[in-house]
Amino acid sequence: MPKSNVLFLCTGNSARSQMAEAFLRHYASDLFNAYSAGLEPRGMNPFTVRVMNEIGISVEGQYSKSLREYLGKQLFAYLVTVCADAEARCPTVWPGVQYRLHWKFDDPAAEQGTDEQKLAKFREVRDQIHAAVKAFVAEERAKHGATSTSQR
């Protein structure tokens, strides 16, 4: 069975979409090609790298990309917006997209306060995205009768 392409989209492609891409790659690279992009890419947030490393999931090789990098050049079976802004501003018609999903997560980069408070927010959002990706993968594996090759 050929792998499906999945694009995670948010505003800055600095945290939420990057985490989702890394989690999907970690749990289901046998079923999916994972990508992420932003409407206004801002570069990878250092807290994203830090909280993902804490749980042993690497974002090495990932970088902040514009939606324009893929629009009209890459076909995606799934388009998953991970913030309200991206959901509202994303093109409503995207050739090839079979499933458009919206997973709303707070923007951890908007958290104010000390570094510890910011880290706590990044960890909270990371854990929510982790749960959402694992549920998505379990559902897709059940649909396709695939067995899990990587569980954490």
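You'll find the structure just up there.
Definitions and limits used
Residues numbered from 1 in each chain as written. Predicted model: local features only at pLDDT ≥ 70, side-chain atom pairs only at ≥ 80, totals over all residues. Heavy atoms only, no water. Axes fitted to C-alpha atoms, helices over the stretch in contact; angles between N-to-C directions. Helix = DSSP H or I, 4+ residues; strand = E, 2+ residues; numbered from the N terminus. Parallel < 35°, antiparallel > 145°, perpendicular 65-115°, else oblique. Left-handed = near helix turned anticlockwise from the far one by under 90°. Contact = heavy atoms within 4.5 Å. Nonpolar A, V, L, I, M, F, W, Y, C, P; charged D, E, K, R; others polar. Core = buried A, V, L, I, M, F, W, Y, C linked by side-chain atoms within 4.5 Å. Buried < 20%, exposed > 50% of the residue type's maximum accessible area, 1.4 Å probe, protein only. Pairing = 2+ DSSP bridges.

### Topic: the packing of helix H1 (residues 16–28) against helix H4 (residues 115–144)
(1) Moving on: In the contact formed by H1 and H4, the axes pass within 9 Å of each other and the chain directions differ by 40°. With respect to H4, the axis of H1 lies oblique. The two elements H1 and H4 cross, and the hand of that crossing is right-handed. Where H1 approaches H4, its residues Arg 16, Met 19, Ala 20, Phe 23, Leu 24, Tyr 27 and Ala 28 are matched on the opposing element by Phe 122, Val 125, Arg 126, Ile 129, His 130, Val 133, Lys 134, Phe 136, Val 137 and Arg 141.
(2) Moving on: Split by residue class, the contact of H1 with H4 holds 12 nonpolar, 1 polar and 4 charged.

### Topic: the nonpolar core
(1) Moving on: In this structure, Phe 23 and Leu 24 are the most contacted members of the largest nonpolar core, which totals 45 residues.
(2) Moving on: If you tally residues by element for this core, the top one is H4, at 8 residues.
(3) Moving on: Beyond its immediate chain neighbours, meaning those up to four positions away, Leu 24 contacts Val 6, Phe 8, Ser 29, Phe 32, Ala 34, Val 133, Phe 136 and Val 137.

### Focus: unusual backbone geometry
(1) Moving on: A positive phi angle, close to 50°, is found at Asn 13, a residue other than glycine.
(2) Moving on: Relative to the assigned elements, Asn 13 resides in the loop between strand S1 (4–10) and H1.

### Re the sheet that holds strand S3 (residues 78–81)
(1) Moving on: Strand order in the open sheet made by the 4 strands is S2-S1-S3-S4, with parallel pairing throughout. In this open sheet, the two edge strands, each paired with only one partner strand, are strand S2 (32–38) and strand S4 (99–102). On average, each strand axis in the sheet is tilted by 20° relative to the strand beside it, whichever way the strands run.
(2) Moving on: Across 4 bridges, the pairing between S1 and S3 is parallel.

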